Amino acid sequence: MAAAGGLRSAGWRLWRGRAVVRCQQYPPLRALQASAALRRASDEHRKEPLGSSTQQHFDSPPDGHQPEQKPQGPHPSYTGQGGQESEDYESEEQLQHRILTAALEFVPEHGWTAEAIAEGAKTLGLSVAAAGLFHSDGSELILHFVSECNTKLSELLRKEQKLVQLGEAEKKPLDEFLRDAVEARLRMLIPYIEKWPQALSVLLLPRNIPSSLNLLTSMIDDIWHYAGDQSTDFNWYTRRAVLTGIYNTTELVMMQDSSPGFEDTWRFLENRVADAMTMSNTASQVQSTGEAVVQGLMGAAVTIKNLAGLNQRR
Amino acid sequence: WTLDNWSQNPVIDRILRVDHAGEFGANRIYAGQMAVLGRSSVGPLIQQMWNQEKDHLKKFNELMVAYRVRPTVLLPFWNVAGFVLGAGSALLGKKGAMACTVAVEESISEHYNNQIRTLIEEDPEKYKELLQVIKQFRDDEQEHHDIGLEHDAEAAPAYSVLKTAIQLGCKVAIFLSERI
């Protein structure tokens, strides 16, 4: 009995100590206090599991410590999957993930702000101070949202591809495929469209540009991959650049669009995709014309060499 | 300062990108040599080596698509530079062309060996197929190197200068293509 109690308090001290060590990765002091407050608040809600989980932590502190002290930045990466350590205990990244997901439903009301995050934390039964874990401009919330949308789009495209492979659906022509993919992705913005211009400006902050650029490029690459792009030459770049242009301009048009069901936006999208198709046709026509011209010139050169008697076998 | 953050598997990414660029460049070098020496006595030999490079390139194209690897931005540049190197060395004569072949193939063999070492250190089981491919290609390139030597590469004008310059160029090309 006493031993169990002793273990439990030792485990509790380790738990708190770990929270403090991890908090040292977060420069702002209020985040340190917030995280500790958060930890206490969340632990109060875990009654039964507390004894067993702290015991497990005491048993294997090296394993428990190593994953968190990974050399990762203070904020979760949006480029990979969230960390998943042991089952019973949640990583910092997973917890932040849950808070941000919960915060999304408050965005239409509060915007991409710490208020929305605080409200989200409240619905999870966490302390409002949890919002201190994140930047006040809502960067993480927006990046989280974009990452989730991209994941949903990938899922959608993967399912469609599976249907085509099974023969249950027709393979779409390229322009229709691109149109539908971009439209599906942009439709995910509709519930948040009022506050989206604010989000766009935050995404353009120098601090956020690497992450937001990464998310944008991987989304565009995904769309082309499922469209069946197999280019391994410079076309790889041209195609992605063109589609990025189409996506960005359509997104901006959508911000200004007040037509019913955003039909002006979809018409704009259709026209841009058609333009891109025409452009690629023109480009290949120019190339074949160019090749024909070069052939002609080579033929003329050989003829002249023959006439001048220069074309001898060496 | 690489663009590695954008890839799922940075190790494979780099390896495939640089190998693809290398085979593409080798193709263009042989194309340049053929343009000058195509109708000479070494024409058929160069054509044969070129055909093997075409097979290599085809294999890497498939692997690039399978692993969803981004090709290097410098491809248009290697397109021109390779052709110019091939044609330029061929203008020095048959021995010049052979010297160029020896230099390039030696660089490439060494480069493939480095990659084989890296992959074996990482995880030989996981990369088994890729290792097989690279080993096969390394052997092919070594064969080209030996053919070049057999055909009097060393008798080419300014052989050692030529060889050093070309190999330096290859090192730079490899460094850049891995990253950009």
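Residues numbered from 1 in each chain as written. Chains lettered and ligands numbered in written order. Predicted model: local features only at pLDDT ≥ 70, side-chain atom pairs only at ≥ 80, totals over all residues. Heavy atoms only, no water.

**Notes on the interface of chain B and chain A**
And step 1. The interface is formed by 20 residues belonging to chain B together with 15 residues belonging to chain A.
And step 2. Roughly 1500 Å² of surface becomes buried between chain B and chain A when both sides are summed, with 53% attributable to carbon and sulfur atoms.
And step 3. Summed over the shared surface of chain B and chain A, the number is 2 salt bridges.
And step 4. In this structure, Arg68 of chain B engages Asp221 of chain A in a salt bridge whose closest nitrogen and oxygen atoms are separated by 3.2 Å.
And step 5. On the surface where chain B and chain A come into contact, there are 6 residue pairs in polar contact (both at pLDDT 80 or more).
And step 6. Listed by contribution, the elements that provide at least two residues to the side of chain B that touches chain A are α1 (10-37), α2 (43-66) and α3 (75-91) of chain B.
And step 7. Its residues placed into classes, the side of chain B that touches chain A shows 11 nonpolar, 6 polar and 3 charged. (Contact = heavy atoms within 4.5 Å. Buried area = accessible area lost by both parts, 1.4 Å probe. Salt bridge = Lys/Arg side-chain N within 4 Å of Asp/Glu carboxyl O. Polar contact = N/O pair within 3.5 Å; in protein donor to acceptor, adjacent residues only side chain to side chain. Helix = DSSP H or I, 4+ residues; strand = E, 2+ residues; numbered from the N terminus. Nonpolar A, V, L, I, M, F, W, Y, C, P; charged D, E, K, R; others polar.)

**Let's talk about the environment of Leu91 of chain B**
Residues and elements named next belong to chain B.
And step 1. If you trace the backbone, Leu91 turns up in helix α3.
And step 2. In this structure Leu91 comes out as exposed when scored by relative accessible area, which is 66%.
And step 3. When the C-alpha atoms of Leu91 and Val36 are compared, they prove to be 6.7 Å apart, with 55 residues separating the residues in sequence. (Buried < 20%, exposed > 50% of the residue type's maximum accessible area, 1.4 Å probe, protein only.)

**A word on the nonpolar core**
And step 1. Judged by nonpolar contacts, the single largest core of 57 residues is most densely connected at Trp112, Leu141, Trp196 and Ile223 of chain A.
And step 2. Contributing elements (two or more residues each) for this core: α5 (92-103), α7 (114-123), α8 (139-165), α9 (174-187), α10 (196-203), α11 (209-227), α12 (235-256) and α13 (263-308) of chain A.
And step 3. Dropping the residues within four chain positions of it, Trp196 of chain A is found in contact with Trp112, Ile142, Phe145, Val146, Leu189, Glu251 and Met255 of chain A.
And step 4. Ile29, Val69, Ala103 and Tyr127 of chain B belong to the second largest nonpolar core, which has 23 residues in total. (Core = buried A, V, L, I, M, F, W, Y, C linked by side-chain atoms within 4.5 Å.)

**Overview of helix α5 (residues 128-150) of chain B**
All names here are of chain B.
And step 1. The end-to-end C-alpha distance of α5 is 33 Å, a good match for the 33 Å that 23 residues give at a rise of 1.5 Å each.
And step 2. What α5 keeps buried is the set Leu130, Leu131, Val133, Ile134, Phe137, Asp140, Glu141, His144, His145, Ile147 and Gly148.
And step 3. Buried residues along α5 sit in contact with α1, α2 and α4 (94-122).
And step 4. Downstream of α5 by a residue or two, Asp152 has a phi angle that is positive, lying close to 65 degrees. (Expected span 1.5 Å × (residues − 1).)

**Considerations on the UniProt feature "binding site: Fe cation 2" (unreviewed entry) in chain B**
All names here are of chain B.
And step 1. When the UniProt feature table is mapped onto this chain, "binding site: Fe cation 2" (unreviewed entry) is found at Glu53, Glu105, Glu141 and His144. The greatest C-alpha distance among the annotated residues, which extend across 92 residues, is 11.1 Å, indicating that they converge on a single site.
And step 2. Excluding anything up to four places from it in sequence, Glu53 contacts Glu23, Ala26, Asn27, Tyr30, Glu105, Glu141 and His144.
And step 3. As for its position among the elements, Glu105 is in helix α4.
And step 4. Discounting residues that sit within four places of it in the chain, Glu105 has contacts with Tyr30, Glu53, Glu141, His144 and His145. (UniProt positions renumbered as here; feature names shortened; annotations may be inferred.)

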